[in-house]
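Residues per chain, in single letters:
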Amino acid sequence: MDTVSETANDSKLSVRYYGEKTESLGDAVLHLTAVEISLDVDADRDGVVEKNNPNKGSWKWGPNGHGAVLLVNCDSETTYKKTLDSEVDEINKVSGDTLLNLFLLPEHKLLKLFLKDYIMVVGTDMLTEEVPYLGGKTELAFFVEGLRFPDKDFDGLVTINLSLLEPCGKGFPETPIFTDTVVFHISPWIMTPNTLKPVEVYVCSTNDNYTFLKSIKNLVDKCGYKLKICYEYMNRGDRWMQDELEFGYIDSPHHQFPVVLDSPRDGDLQDFPYESILGPDFGYVTRNALNEKVSSLDSFGNLEVSPPVTVNGKSYPLGRIIIGVAATRGRNMTQVVQDFLWAQKVQEPIALYSDWLVVGHVDEFMTFVPAPDRKKFRLLLASPDAGYKVFKSLQKKGHGEAEMFPGLPEVISVNEILSDKKLQAENRYVQNCIDWNRDVLKKELGLDDEDIIDLPILFKVLEEKTGPRAVAYYPDMVNMIVLGDQLGIPKPFGPKVNGRCALETEVCSLLEPLGLKCTFIDDFAPYHKLLGEVHCGSNVLRERSPFRWWNLEL
């Protein structure tokens, strides 16, 4: 016997036959080809593709789980005439694409994706392809890009098969004699809570918000973060930066980048997320309501996320998404957006009742701030009861003639506020609505009363075409911007005692013991009178969570 074959048809293995008398009867030559095929990915999620991991063909959540992670290629390497990278059939950068190795030994065929030279092998219009064997030991590197986020009709799992095909003769199709399989999970879109470190603050410049903009700039400069200003040529007078977009990110062992979710509200800011934020390593995603009516509840002041919580033993290390909906019939966030949020899985959403408000956003009555103890945060809730407590205390101490809105046309005394029976009835209704949400949040976030701080805020009820709905009576202090331990809070223009606003004094007494620093920002004319506040007019890009989503126990 000679040495084993190294290439096909090299006739290296020969057999000689002998008769009974050891005479030679003839020679036979066997053509043997040994084939090893392996389709390899980073199944153990350490950022490196390993050889033939036994768990590569399935997905398992958790720190001891397995299965490769894939990013949606939703950024844009071009800055002029932008197009999402996932919408073009070529790539020029691979840092965001998962490496997949194909290891082949002798002769047969195969599949597709992006080959090493960034030529598309398999895509939306071509689901299979042959890759010829080129001889000898061959290893082909492929780069895989995701095209869609998880959604109602897509669980995020993608399977790629490599089959070895055997010719069956002329006129017959080739048949598979071996198949290797790998499984990817598309990274979900992940929101960032107020407790994560800010990176950049976004705000609009309009023809009437110079003082507000200057206050925001001073606060951001003091914190040492970046500031991105959207000027009027882009915003066209639309100042509601929070409502147009929500920042999140996608994550894998080998790469991660922020992704902006563009709301379906499509106001005059509608071009800003795509034209000014989308770029290299900054992705973009949106959901369009094709057969649904878009309402105010589709603006992203109605989309928040809690810090990490544990509820009845179940951990939510990335927090939980919070949206506002109608209690029964009424305005709702469009189903296409809700379906998208629920499908991400890693921040299981909570639905609150927000349709009692004129604008209808959850950020009008709640927010989260960092804290050094307990659960490392506090939930702040607007509270008419706390507001009346402040005003009654002022009256009791002889400050009944102190004026609300000093220096403004809306000036009114403490005594007048407390004697307004209609306002009291409206605020009892508002308090009931907030208390209903308080109970939901306590249950769904595992909170105690000690984890909640009530801020003194009164509301008033307006008669809308669809019924009575509430707005803040004075600037809504819960609608703040959170920048680490620095808070940018709407200036409430409360009654002054000893030269200082009593409402500001009360809020500082509640928040400063947590190590938080309060800056009160005048947003009365350019925001409050238009039914919004500081949070509505700003947005914050934050660092990603240190927790990796695939380590969740689902």
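Let me sum up the structure you'll find in this document. Every value quoted in this text rests on a predicted model; they were computed, and no experiment measured them. (Residues numbered from 1 in each chain as written. Predicted model: local features only at pLDDT ≥ 70, side-chain atom pairs only at ≥ 80, totals over all residues. Heavy atoms only, no water.)

It is worth spelling out the pattern of salt bridges at this point. All chains considered together, the criterion is met by 27 salt bridges. Of the charged contacts, one joins Asp355 and Arg469 as a salt bridge, the two residues approaching to 3.1 Å between their closest N and O atoms. In this pair, Asp355 sits in the loop between strand S19 (350-353) and strand S20 (366-370) while Arg469 sits in strand S26 (residues 467-472), placing the two residues 114 residues apart along the sequence. Note on accessibility: Asp355 and Arg469 belong to one class, buried. Across the pair Asp448 and Arg374 runs a salt bridge, and its minimum N-O distance is 3.2 Å. One end of the pair, Asp448, is in the loop between helix H8 (421-445) and strand S24 (452-456); the other, Arg374, is in the loop between S20 and strand S21 (377-383), and 74 residues separate them in sequence. Under the relative-accessibility criterion, Asp448 is labelled partly exposed at 37%. One network of salt bridges, in which partners are shared, links Lys314, Arg320, Glu348 and Glu444. (Salt bridge = Lys/Arg side-chain N within 4 Å of Asp/Glu carboxyl O. Helix = DSSP H or I, 4+ residues; strand = E, 2+ residues; numbered from the N terminus. Buried < 20%, exposed > 50% of the residue type's maximum accessible area, 1.4 Å probe, protein only.)

The next thing to look at is the sheet that holds S24. The sheet built from three strands is open, its strands ordered S20-S21-S24 with mixed pairing. Either end of the sheet is taken by a strand with one partner, and the two such strands are S20 and S24. Neighbour to neighbour, the strand axes of the sheet diverge by 35 degrees on average, direction disregarded. Relative to S24, S21 is paired through five bridges, and the arrangement is parallel. Within S24, the residue paired with Ala382 across the bridge is Leu455. Packing of helix H9 (residues 502-511) onto the sheet brings it into contact with S21 and S24, and relative to S24 it is tilted by some 170 degrees. (Pairing = 2+ DSSP bridges. Axes fitted to C-alpha atoms, helices over the stretch in contact; angles between N-to-C directions. Contact = heavy atoms within 4.5 Å.)

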